[in-house]
Amino acid sequence: GAVVSQHPSRVICKSGTSVKIECRSLDFQATTMFWYRQFPKQSLMLMATSNEGSKATYEQGVEKDKFLINHASLTLSTLTVTSAHPEDSSFYICSASGPSGGAFFGQGTRLTVV
Amino acid sequence: AQSVTQLGSHVSVSEGALVLLRCNYSSSVPPYLFWYVQYPNQGLQLLLKYTSAATLVKGINGFEAEFKKSETSFHLTKPSAHMSDAAEYFCAVRSFSGNTPLVFGKGTRLSVIA
């Protein structure tokens, strides 16, 4: 089946620094990828839609300048959390639409800002 | 607009008993429907998906779900619960066409009692 790889799985950073999270589709091309955020014991909330070769589309309430998304190739999308603060600590998950209409998810990244 | 309602944030069953996790959807277009499982601090694993083929969908680990258009439901079942089934389960919907994101339910935590 289609595989989406997300890296890193865990990251701890200091407040004010930036963190980059990578999402790769390993065996298929993904023109569109999605970034979700999950707070503890809650569901996944869509943050943005990442389109290869164009600007990402952000959901209402998501700060574009804080959560920078780049989708430079058909197999890679990156999410950069800029000037991270403790309230940005969360679980971030990417997904890509794969073959046969499936939606495949990365392993998730646990971000802790201290 | 699409939405998913999962009835019951927490379900507890005895080992060997039937598992039934409820999901109702709302969609103005023909939907794709998914069930995912999430273990603590991990990403989402696809259990099964409905993509307009057979209404009874068999997934991994003995799970299955039946798409009932008249009831707008896609309940997840397993005949006999195992301790390893204890996890968070998410129902999700997206439209048939195009690269659209999934809309998730709030999730149901399944506990299995020995």
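What comes next concerns the included structure. Owing to the predicted nature of the structure, the values given are computational and were not obtained by experimental measurement. (Residues numbered from 1 in each chain as written. Chains lettered and ligands numbered in written order. Predicted model: local features only at pLDDT ≥ 70, side-chain atom pairs only at ≥ 80, totals over all residues. Heavy atoms only, no water.)

### Some details on the overall build of chain B
The secondary structure content of chain B amounts to 0 helices and 11 strands. Secondary structure of chain B in N-to-C order comes out as β-β-β-β-β-β-β-β-β-β-β. Radius of gyration (C-alpha) of chain B: 13 Å, near the 13 Å computed for a compact globule of 114 residues. For chain B, the spread of C-alpha atoms along the three principal axes comes to 45 × 30 × 20 Å. In chain B, buried positions account for 42% of the 114 residues. If you sum the accessible surface of chain B, you get close to 5,400 Å²; carbon and sulfur atoms cover 53% of it. Averaging the coordinates of the 9 positive side-chain charges in chain B and doing the same for the 6 negative ones gives two points 8 Å apart. (Helix = DSSP H or I, 4+ residues; strand = E, 2+ residues; numbered from the N terminus. Rg over C-alpha atoms; globule rule 2.2 N^0.38 Å. Buried < 20%, exposed > 50% of the residue type's maximum accessible area, 1.4 Å probe, protein only. Areas by Shrake-Rupley, 256 points an atom, 1.4 Å probe, with all protein chains shown as cover. Lys, Arg positive; Asp, Glu negative; His and termini not counted. Charge placed at Lys NZ, Arg CZ, Asp CG, Glu CD.)

### Description of the packing of aromatic side chains
Tallied over the full model, the rule gives 13 aromatic pairs over all chains. Ring centres 5.6 Å apart and planes at 50 degrees place the aromatic pair Phe63 of chain B and Tyr89 of chain B in the tilted group. Taken together, the positions of Phe63 of chain B in the loop between β6 (56-58) and β7 (64-68) and Tyr89 of chain B in strand β9 (residues 87-95) put the pair 26 residues apart, joining distant regions of the chain. The buried category is assigned to Phe63 of chain B, whose relative accessible area is 2%. A relative accessible area of 0% means that Tyr89 of chain B is categorised as buried. Taken together, the ring pairs in this structure connect Tyr36 and Phe105 of chain A together with Phe34, Tyr36, Phe90 and Phe104 of chain B into an aromatic cluster. (Phe/Tyr/Trp six-rings, centres within 6.5 Å; stacked < 30°, edge-to-face > 60°.)

### Focus: the interface of chain A and chain B
Interface size is often expressed as the accessible area that is lost when the parts come together. On the side of chain B, 20 residues touch chain A, which itself brings 22 residues to the contact. Note on chain A versus chain B: buried area summed over both sides is about 1,600 Å², and carbon and sulfur give 54% of it. Taken together, the links from chain A to chain B amount to 5 residue pairs in polar contact (both at pLDDT 80 or more). Mapped onto the side of chain A that touches chain B, the elements with two or more residues apiece are β4 (32-38), β5 (44-51), β9 (90-97) and β10 (103-105) of chain A. Ranked by residue count, the leading element in the side of chain A that touches chain B is β4 of chain A, at 4 residues. (Contact = heavy atoms within 4.5 Å. Buried area = accessible area lost by both parts, 1.4 Å probe. Polar contact = N/O pair within 3.5 Å; in protein donor to acceptor, adjacent residues only side chain to side chain.)

### Some remarks on the environment of Tyr36 of chain A
Residue placement: Tyr36 of chain A occurs in strand β4. Looking at Tyr36 of chain A, the relative accessible area reads 1%, which means it is buried. Expressed as a C-alpha distance, the spacing of Tyr36 of chain A and Thr17 of chain A, which sit 19 residues apart in the sequence, is 21 Å. Each residue touching Tyr36 of chain A, except ones within four places of it in the same chain, is listed here: Leu44, Met45, Leu46, Met47, Phe91, Tyr92, Ile93, Ser95 and Phe105 of chain A together with Pro101, Leu102 and Phe104 of chain B. Among the polar contacts listed, one links the side chain of Tyr36 of chain A to the backbone nitrogen of Leu102 of chain B, at a separation of 2.9 Å.

### Things to note about the state of the cysteines
Inspection of every chain in the model, using the stated rule, returns 2 disulfides over all chains. The disulfide partner of Cys23 of chain A is Cys94 of chain A, and the S-S distance across this bridge is 2.0 Å. What sets the handedness of the Cys23 of chain A and Cys94 of chain A disulfide is the S-S torsion sign, and at about 85 degrees it is right-handed. Residue Cys23 of chain A is located in strand β3 (residues 19-25), and its partner Cys94 of chain A is located in strand β9; the two are separated by 71 residues in the primary sequence. A single burial state applies to Cys23 of chain A and to Cys94 of chain A, both of which are buried. Residue Cys23 of chain B pairs covalently with Cys91 of chain B via a disulfide, S to S 2.0 Å. Because the torsion about its S-S bond is -65 degrees, the bridge between Cys23 of chain B and Cys91 of chain B counts as left-handed. (Disulfide = S-S within 2.5 Å.)

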